[in-house]
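# Secondary and tertiary structure notes
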Amino acid sequence: MLPNDEIVYLKGVGPSRAKVLASELDIHTVGDLLLYFPFRHIDRSQQSTIATLTEDCGYVVLRGTVSNMQTVSTGKYRERLTVDFSDGTGSIQLVWFQGTKWVREKLKPDVRYIIMGRPSVFNGQWQMTHPELEADTAVENSRQPFLPVYFTTEKMKSSGLGTRAMARLTETLVGCIAGIEENLPQEVIDRYHLLSRRSALIAIHYPESLAQLDAARTRLKFEELFFLQLDYQYAHTARQQHSEGRVFGHVGDIFNRFYNEKLPFPLTGAQKRVIREVREDMRSGHQMNRLLQGDVGSGKTLVALMCMLIALDNGSQACLMAPTEILATQHYNTFLRMLDGMGIGVELLIGSVRPADKKKMKARIASGETRIVIGTHALIEDNVQFADLGLVVIDEQHRFGVEQRSKLWSKSIPAPHVLVMTATPIPRTLAMTVYGDLDCSVIDELPPGRHPVRTYHRTEPRRPHVFHFLKQQIDAGRQVYIVYPLIHESEKLDLRDLEEGLAMVQSYFPRPQYQVSMVHGQLSAEEKAFEMQRFKEGKTHIMVATTVIEVGVDVPNATVMVIENAERFGLSQLHQLRGRVGRGADQAYCILMTKDNLGGISMERIRTMCSTTDGFQIAEADLRLRGPGDMQGLQQSGMLDLKLASIVDDEPLVSATRNEVHDILDADPTLSQYPTLQRHIAHSKNKMLWGKIS
Ligand code: ADP
Ligand code: MG
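Residues numbered from 1 in each chain as written. Chains lettered and ligands numbered in written order. Predicted model: local features only at pLDDT ≥ 70, side-chain atom pairs only at ≥ 80, totals over all residues. Heavy atoms only, no water.

### Topic: unusual backbone geometry
What counts is decided by this rule: The helix and strand labels rest on DSSP assignments: H or I over at least four residues marks a helix, E over at least two residues marks a strand, and numbering proceeds from the N terminus. The rule is simple: take the accessible area with a 1.4 Å probe, protein chains only, and divide by the maximum for that residue type; under 20% is buried, over 50% is exposed, in between is partly exposed.
The omega angle of the peptide bond from Arg511 to Pro512 is 0°, so this bond is cis rather than trans. Here Pro512 lies in the loop between helix 18 (491–508) and strand 19 (516–519). Its identity as a non-glycine residue notwithstanding, Asp110 has a phi of 75°, on the positive side. In this fold, Asp110 is placed in the loop between helix 3 (100–106) and strand 5 (113–117). Overall, the relative accessible area of 78% leaves Asp110 in the exposed class. Non-glycine residue Leu671 carries a positive phi angle of around 60°. Relative to the assigned elements, Leu671 resides in the loop between helix 24 (651–667) and helix 25 (675–683). The buried category is assigned to Leu671, whose relative accessible area is 0%.

Shown next as structure tokens:
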């Protein structure tokens, strides 16, 4: 069979199973099935018995017979099915909560079964819930030394497509598959002693040895990373060669006047460097696509403002897009303050603007009267037209979807320059892979006079001390945040937690001496803005909030950040939250409240937070603890959808593929010598690249 043949024609599939494979796993062709890799293998020379089970033995395979089937009703339409399974050395109870009817009909005494799963001890007895289960004959008939184990869904199991059935299909398939073409350049295969694509795809299902399995995985990881690199680097090269950009050739009156008369403090060296880098980009003749990474509080907003003034100096408009109305409003106020008296038209375009006002605003944007527009995604509604949009700045980029950004891009011809700002530092290894086609600037220096935030870990018994400390700070004129986690399953429950918290805070900090604000996701934008404003103006002392305040909010007088249930937050979120304080000259504090006995990873996160304030170190720790697939934003974007390779664990392969792709594109930018790679680019699913987006 050939890879493009429909799966329905593979022996053992048929129309109904083909349907299930399509709906459950998106498998339509035999090629798709070949790319459905097992998540582990059973070494047939390693037999387990019930007598030798241990609590940490993990996934095991057992052979034996069933007896003593029992069902217990556990509610309307719900039941629990248990069966004793014995292999002559002992017995283990098998348990099902779902699909019980199907299991009950299928299980027969006198038949030998093979079961697979993770045993555990429950009430002093061995138990296995929802094991994979097959009649033993299928396994006996296979002559493979290693049997693949596939992930299957409940629906697949009840359609007779358990892992053993899947294995029978792949075994049939590897016996008859033809036409698997090599897709890596031969010189690369030779240089790294890689298996051929064909051998690797067969061996990853049915290896002859562990060494061969390893070689197959390496080859397929290499391929995966190679094409990821190719997508990014090709887009980067192509953009540099083709993307025409407006030329912002000079720095003029507006910028200089601001610099000489308005700048409230000297720029840090890092801010100066980044502005220079952006200037170089904007006058190069190519469209700028730059990522600006800078830790919370490093002064990105000012950099954005000054870059926007360069656009204005060259006759263009500029806009700044923020993820929330609170942030957009805050930026707007900052801009108004900084640009006061310069006669520059600045507008705030957000969802809550009255329709009539919005209409007028849009007219002023379209006529060019408005020079700077600040807003949320309302900015990219289709009917917002600019006279001449020259620069787009996107704050906290991970909050924006890919689609939204590409809309902005189409607002102007030639495409506007784009500066994307993020306070979620991305470890270098990852940045080079993920943002391979974006140029990168880093603000690695905080404004002078900042003291690092002191971070402490406290548990419930110490709460009186913590509150006492808050009181001292407030009495000294400072303000305080108390943040509660959002638990996505139930917004109502979140609100209850928050309200209980508020009640507790209010009883300890009674009115009228102490004023408390509360902000959460169920308030309207206006209500949120109102509460934020009161806090900002110092009218309230304590801000009790869910994570809506996470990003960007700037209240320099706030000196304490208390994070409740801190164990429920991820590292980058904790870091973001902590960044809300320590923005003024006073010493700031972050207090992580947790329950008493924390698990290993939670404890590690808390420890990391207490030991460093460096965003990059925290990002590295985050990557180590969670793996990159989880990193904020990347997950949403699906940018790192890797099946086998890991950016962290396979760093040598990441570097190797990056270099190989670089050399290939360097010597042959159009890939004229590499028809296979050209074809890949033409069909690439990775169309949504950062460069094209923005
Ligand atoms: P972020 O990078 O987190 O967006 P902001 O732009 O909000 O940081 O800046 C944080 C604070 O630092 C603001 O109050 C800002 O006015 C101040 N700031 C920015 N640049 C400087 C500087 N060069 N010197 C002193 N303070 C600065
Ligand atoms: Mg900011």
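### Comments concerning the packing of helix 20 (residues 571–578) against helix 21 (residues 600–611)
Relative orientation and spacing of two packed helices are given, respectively, by the angle between their axes and the distance between those axes. Condition: Axis definition: a line fitted to C-alpha atoms, over the contacting stretch in the case of helices. Angles run 0 to 180 degrees between N-to-C directions. Take the far helix as the reference: if the near one is turned anticlockwise from it by less than a right angle, the crossing is left-handed, and if turned clockwise, right-handed. A contact between two residues is defined here by any heavy atoms of the two lying within 4.5 Å. Polar here means any residue outside two lists: the nonpolar Ala, Val, Leu, Ile, Met, Phe, Trp, Tyr, Cys and Pro, and the charged Asp, Glu, Lys and Arg; Gly therefore counts as polar.
Packing of helix 20 against helix 21 leaves a shortest axis separation of 10 Å and a crossing angle of 35°. The way helix 20 lies across helix 21 gives a crossing that is right-handed. Residues Leu571, Leu574, His575 and Arg578 of helix 20 pack against Arg605, Thr608 and Met609 of helix 21. Here the residues of the contact of helix 20 with helix 21 sort into 3 nonpolar, 2 polar and 2 charged.

### Details of the pattern of salt bridges
What counts here: Salt bridges are counted wherever a side-chain nitrogen of Lys or Arg sits within 4 Å of a carboxyl oxygen of Asp or Glu.
Per the counting criterion, the structure on display carries 24 salt bridges. A salt bridge links Glu24 to Lys155; the shortest N-O distance between them is 3.9 Å. One end of the pair, Glu24, is in helix 1 (residues 14–25); the other, Lys155, is in helix 5 (residues 154–158), and 131 residues separate them in sequence. A residue is classified by how much of its surface remains accessible, and Glu24, at 28% relative accessible area, is partly exposed. Take Lys155: its relative accessible area is 44%, and that puts it in the partly exposed class. A salt bridge links Arg463 to Glu564, with the nearest nitrogen and oxygen atoms 2.7 Å apart. One end of the pair, Arg463, is in helix 17 (residues 463–475); the other, Glu564, is in the loop between strand 21 (558–563) and helix 20, with 101 residues separating them in the sequence. The class for Glu564 is buried, based on a relative accessible area of 5%. One connected set of salt bridges, linked through shared partners, spans Arg273, Glu277, Asp281, Arg290 and Asp444.

### Some points on the nonpolar core
Test applied: Only buried residues count toward a nonpolar core. Its members are Ala, Val, Leu, Ile, Met, Phe, Trp, Tyr and Cys residues joined through side-chain atoms within 4.5 Å.
Within the largest apolar cluster, 62 residues are counted, with the highest numbers of intra-cluster contacts made by Phe258, Leu339 and Ile372. Take this core: its biggest share by element is 11 residues, from helix 12 (residues 300–313). Sequence-distant contacts of Leu339, defined by excluding residues within four places in its chain, comprise Phe258, Leu305, Leu309, Ile344, Val346 and Ile372.

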